Amino acid sequence: MKRIAVCPGSFDPITYGHLDIIRRASMLFDEVVVLISVNALKTPSFTESERMMMIRENTQEFSNVVIDVLDGLLADYVQKIGAIAIVKGLRAVSDFEYEFQMALANKKLYNGAETVFLTTSSENMYLSSSVVKQIAYFGGDISHFVPENVLDFIRKRLVKE
Ligand code: PNS
(Lines give C-alpha, C1' and ligand atoms only; values in the text may rest on other atoms or scores of the structure.)
Protein backbone atom coordinates (compact mmCIF):
# COMPACT_ATOMS: atom_id res chain seq x y z
CA MET A 1 0.00 0.00 0.00
CA LYS A 2 1.30 3.45 -0.92
CA ARG A 3 2.15 5.59 2.11
CA ILE A 4 0.74 8.99 1.20
CA ALA A 5 1.35 12.25 3.10
CA VAL A 6 -0.37 15.57 2.64
CA CYS A 7 1.52 18.87 3.02
CA PRO A 8 -1.23 21.48 3.41
CA GLY A 9 -0.76 25.24 3.44
CA SER A 10 -1.71 28.56 1.92
CA PHE A 11 1.55 28.67 -0.09
CA ASP A 12 0.87 32.35 -0.76
CA PRO A 13 3.54 32.19 -2.15
CA ILE A 14 5.72 29.12 -1.71
CA THR A 15 9.11 29.86 -0.06
CA TYR A 16 12.38 27.96 0.33
CA GLY A 17 11.08 27.04 3.80
CA HIS A 18 8.09 25.18 2.31
CA LEU A 19 10.27 23.58 -0.37
CA ASP A 20 12.64 22.25 2.27
CA ILE A 21 9.76 20.59 4.14
CA ILE A 22 8.31 19.17 0.89
CA ARG A 23 11.71 17.76 -0.15
CA ARG A 24 12.24 16.10 3.23
CA ALA A 25 8.67 14.73 3.30
CA SER A 26 9.24 13.27 -0.18
CA MET A 27 12.08 11.19 1.26
CA LEU A 28 9.92 9.84 4.08
CA PHE A 29 6.75 8.91 2.19
CA ASP A 30 5.92 7.15 -1.09
CA GLU A 31 3.85 10.08 -2.28
CA VAL A 32 3.45 13.67 -1.06
CA VAL A 33 0.45 15.79 -1.99
CA VAL A 34 1.20 19.51 -1.73
CA LEU A 35 -2.28 20.75 -0.95
CA ILE A 36 -3.14 24.39 -1.57
CA SER A 37 -5.78 24.97 1.10
CA VAL A 38 -7.98 27.80 2.24
CA ASN A 39 -6.97 29.44 5.50
CA ALA A 40 -10.19 31.12 6.55
CA LEU A 41 -8.17 33.70 8.52
CA LYS A 42 -6.14 34.99 5.55
CA THR A 43 -6.91 36.83 2.30
CA PRO A 44 -4.56 35.45 -0.36
CA SER A 45 -2.34 37.64 -2.57
CA PHE A 46 -2.18 35.07 -5.36
CA THR A 47 -4.89 33.01 -7.08
CA GLU A 48 -4.97 29.24 -6.69
CA SER A 49 -3.71 28.74 -10.24
CA GLU A 50 -0.84 31.18 -9.69
CA ARG A 51 0.15 29.39 -6.50
CA MET A 52 -0.15 26.06 -8.30
CA MET A 53 2.15 27.31 -11.08
CA MET A 54 4.74 28.56 -8.59
CA ILE A 55 4.72 25.24 -6.75
CA ARG A 56 4.77 23.10 -9.89
CA GLU A 57 7.88 24.71 -11.38
CA ASN A 58 9.77 24.18 -8.14
CA THR A 59 8.74 20.61 -7.35
CA GLN A 60 9.29 19.04 -10.78
CA GLU A 61 12.52 17.45 -9.58
CA PHE A 62 10.62 15.35 -7.01
CA SER A 63 9.05 12.41 -8.84
CA ASN A 64 6.70 11.50 -5.96
CA VAL A 65 5.26 14.98 -5.32
CA VAL A 66 1.87 15.98 -6.71
CA ILE A 67 -0.12 19.19 -6.25
CA ASP A 68 -3.80 19.60 -5.54
CA VAL A 69 -6.20 22.31 -4.41
CA LEU A 70 -8.65 21.97 -1.54
CA ASP A 71 -11.79 23.97 -0.92
CA GLY A 72 -13.00 22.15 2.15
CA LEU A 73 -11.80 20.42 5.27
CA LEU A 74 -8.33 18.96 5.32
CA ALA A 75 -9.49 15.99 7.41
CA ASP A 76 -12.07 15.02 4.74
CA TYR A 77 -9.46 15.22 2.00
CA VAL A 78 -6.94 13.13 3.93
CA GLN A 79 -9.58 10.47 4.52
CA LYS A 80 -10.75 10.53 0.89
CA ILE A 81 -7.30 9.88 -0.59
CA GLY A 82 -6.24 7.44 2.15
CA ALA A 83 -3.26 9.51 3.36
CA ILE A 84 -1.56 8.35 6.54
CA ALA A 85 0.05 11.67 7.53
CA ILE A 86 -0.30 15.43 7.48
CA VAL A 87 3.17 16.98 7.35
CA LYS A 88 3.82 20.46 8.72
CA GLY A 89 6.97 22.44 9.36
CA LEU A 90 7.55 23.86 12.83
CA ARG A 91 9.70 26.97 13.00
CA ALA A 92 9.59 28.17 16.57
CA VAL A 93 7.73 27.76 19.83
CA SER A 94 5.36 30.46 18.56
CA ASP A 95 4.10 28.08 15.85
CA PHE A 96 3.45 25.33 18.30
CA GLU A 97 0.17 26.30 19.95
CA TYR A 98 -1.64 26.99 16.68
CA GLU A 99 -0.27 23.87 15.00
CA PHE A 100 -1.03 21.71 18.04
CA GLN A 101 -4.62 22.98 18.02
CA MET A 102 -5.02 22.17 14.31
CA ALA A 103 -3.43 18.74 14.74
CA LEU A 104 -5.86 17.88 17.55
CA ALA A 105 -8.86 19.22 15.63
CA ASN A 106 -7.88 17.22 12.52
CA LYS A 107 -7.39 14.09 14.60
CA LYS A 108 -10.86 14.56 16.09
CA LEU A 109 -12.37 14.99 12.63
CA TYR A 110 -10.50 11.99 11.20
CA ASN A 111 -8.62 9.56 13.39
CA GLY A 112 -6.90 7.67 10.56
CA ALA A 113 -3.92 9.96 9.96
CA GLU A 114 -1.17 11.42 12.12
CA THR A 115 0.12 14.99 11.98
CA VAL A 116 3.90 14.86 11.67
CA PHE A 117 6.01 17.94 12.43
CA LEU A 118 9.37 18.41 10.75
CA THR A 119 11.73 20.86 12.41
CA THR A 120 12.52 23.72 10.09
CA SER A 121 16.13 24.00 8.96
CA SER A 122 17.91 26.69 10.96
CA GLU A 123 18.31 28.97 7.93
CA ASN A 124 14.51 29.05 7.47
CA MET A 125 13.61 29.73 11.10
CA TYR A 126 12.41 33.28 10.47
CA LEU A 127 10.90 32.69 7.04
CA SER A 128 7.20 33.00 6.28
CA SER A 129 5.20 34.02 3.23
CA SER A 130 3.93 37.12 5.02
CA VAL A 131 7.44 38.27 6.05
CA VAL A 132 8.57 37.79 2.44
CA LYS A 133 5.61 39.81 1.14
CA GLN A 134 6.25 42.66 3.57
CA ILE A 135 9.95 42.89 2.64
CA ALA A 136 9.06 42.77 -1.07
CA TYR A 137 6.42 45.48 -0.72
CA PHE A 138 9.04 47.95 0.46
CA GLY A 139 11.55 46.93 -2.22
CA GLY A 140 13.77 44.72 -0.04
CA ASP A 141 15.82 41.84 -1.41
CA ILE A 142 13.93 38.55 -1.09
CA SER A 143 16.05 36.51 -3.47
CA HIS A 144 17.36 34.36 -0.60
CA PHE A 145 13.83 33.47 0.50
CA VAL A 146 11.96 32.45 -2.66
CA PRO A 147 12.84 30.83 -6.01
CA GLU A 148 13.29 32.85 -9.21
CA ASN A 149 9.82 32.31 -10.68
CA VAL A 150 8.19 33.32 -7.39
CA LEU A 151 10.28 36.51 -7.41
CA ASP A 152 8.75 37.39 -10.79
CA PHE A 153 5.21 36.86 -9.49
CA ILE A 154 5.95 38.96 -6.41
CA ARG A 155 7.55 41.79 -8.38
CA LYS A 156 4.49 42.04 -10.64
CA ARG A 157 1.91 41.80 -7.85
CA LEU A 158 3.32 43.23 -4.66
CA VAL A 159 6.18 45.65 -5.05
CA LYS A 160 5.09 49.21 -4.21
CA GLU A 161 5.41 51.57 -7.21
O1 PNS B 1 -0.01 28.02 5.53
P2 PNS B 1 -1.09 28.17 6.58
O3 PNS B 1 -1.99 29.33 6.23
O4 PNS B 1 -0.55 28.25 7.97
O5 PNS B 1 -1.95 26.82 6.50
C6 PNS B 1 -3.12 26.65 7.26
C7 PNS B 1 -3.99 25.57 6.59
C8 PNS B 1 -4.34 26.03 5.17
C9 PNS B 1 -3.21 24.27 6.53
C10 PNS B 1 -5.27 25.37 7.42
O11 PNS B 1 -5.95 26.59 7.50
C12 PNS B 1 -6.16 24.28 6.83
O13 PNS B 1 -5.95 23.11 7.07
N14 PNS B 1 -7.18 24.69 6.02
C15 PNS B 1 -8.10 23.76 5.39
C16 PNS B 1 -9.49 23.87 6.04
C17 PNS B 1 -9.51 23.10 7.36
O18 PNS B 1 -9.50 21.88 7.41
N19 PNS B 1 -9.54 23.88 8.45
C20 PNS B 1 -9.55 23.34 9.78
C21 PNS B 1 -8.16 23.05 10.28
S22 PNS B 1 -8.22 22.50 11.93
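Reading the values: the criteria
- Residues numbered from 1 in each chain as written.
- Predicted model: local features only at pLDDT ≥ 70, side-chain atom pairs only at ≥ 80, totals over all residues.
- Heavy atoms only, no water.
- Near = heavy atom within 4 Å.
- Areas by Shrake-Rupley, 256 points an atom, 1.4 Å probe, with all protein chains shown as cover.
- Helix = DSSP H or I, 4+ residues; strand = E, 2+ residues; numbered from the N terminus.
- Nonpolar A, V, L, I, M, F, W, Y, C, P; charged D, E, K, R; others polar.
- Phe/Tyr/Trp six-rings, centres within 6.5 Å; stacked < 30°, edge-to-face > 60°.
- Buried < 20%, exposed > 50% of the residue type's maximum accessible area, 1.4 Å probe, protein only.
- Patch = residues over 30% accessible without salt bridge, like charges linked within 9 Å, V, L, I, M, F, W, Y side chains within 5 Å.
- Salt bridge = Lys/Arg side-chain N within 4 Å of Asp/Glu carboxyl O.
- Pairing = 2+ DSSP bridges.
- Axes fitted to C-alpha atoms, helices over the stretch in contact; angles between N-to-C directions.
- Parallel < 35°, antiparallel > 145°, perpendicular 65-115°, else oblique.
- Contact = heavy atoms within 4.5 Å.

The next thing to look at is the site of the ligand. With respect to spatial proximity, 14 residues lie near the ligand, and among them Ser10, Val38, Asn39, Lys42 and Leu74 are the closest. For the ligand, whose free accessible area comes to 540 Å², the fraction covered by protein is 82%. Of all the elements in the fold, those that place two or more residues in the shell around the ligand are β1 (4–9) and α4 (93–109). Residues belonging to the shell around the ligand are distributed by class as follows: six nonpolar, six polar and two charged.

In this section: the packing of aromatic side chains. Within the structure shown, the criterion is met by four aromatic pairs. Their ring planes at 85 degrees and their centres at 6.4 Å tell us that phenylalanine 46 and phenylalanine 153 sit as a pair that is edge-to-face. Remark: phenylalanine 153 occurs in helix α6 (residues 148–157) and phenylalanine 46 occurs in the loop between β2 (31–36) and α2 (48–59); sequence separation between them is 107 residues. With relative accessibility at 2%, the residue phenylalanine 46 sits in the buried group. Here the aromatic rings of tyrosine 137 and phenylalanine 138 are separated by 4.7 Å at their centres, their planes lie at 85 degrees, and the arrangement is edge-to-face. Residue classification places tyrosine 137 among the partly exposed residues on the basis of a relative accessible area of 38%. Overall, phenylalanine 138 belongs to the exposed group, its relative accessible area being 61%.

On the surface, a nonpolar cluster with roughly 430 Å² of combined accessible area is contributed by Val93, Phe96, Phe100 and Leu104. Relative to the helices and strands, phenylalanine 100 resides in helix α4.

For the rest of this paragraph, the subject is the sheet that holds strand β3 (residues 65–69). If you walk across this open sheet you meet the five strands as β3-β2-β1-β4-β5, and the pairing is parallel. Taken across any chain shown, the strands that pair with only one partner, and hence form the sheet edges, are β3 and β5 (114–119). Within this sheet the neighbouring strands show an average axis-to-axis angle of 30 degrees, counted without direction. The pairing of strand β4 (residues 85–90) with β5 spans six bridges and is parallel.

A few words now on the packing of α2 against α6. Interaxial distance between α2 and α6 falls to 9 Å at its minimum, and their mutual angle equals 155 degrees. When the axis of α2 is compared with that of α6, the two are roughly antiparallel. Along the contact surface, α2 presents Glu50, Met53, Met54, Glu57 and Asn58, while α6 presents Asn149, Val150, Phe153 and Arg157. Its residues assigned to classes, the contact of α2 with α6 comprises four nonpolar, two polar and three charged.

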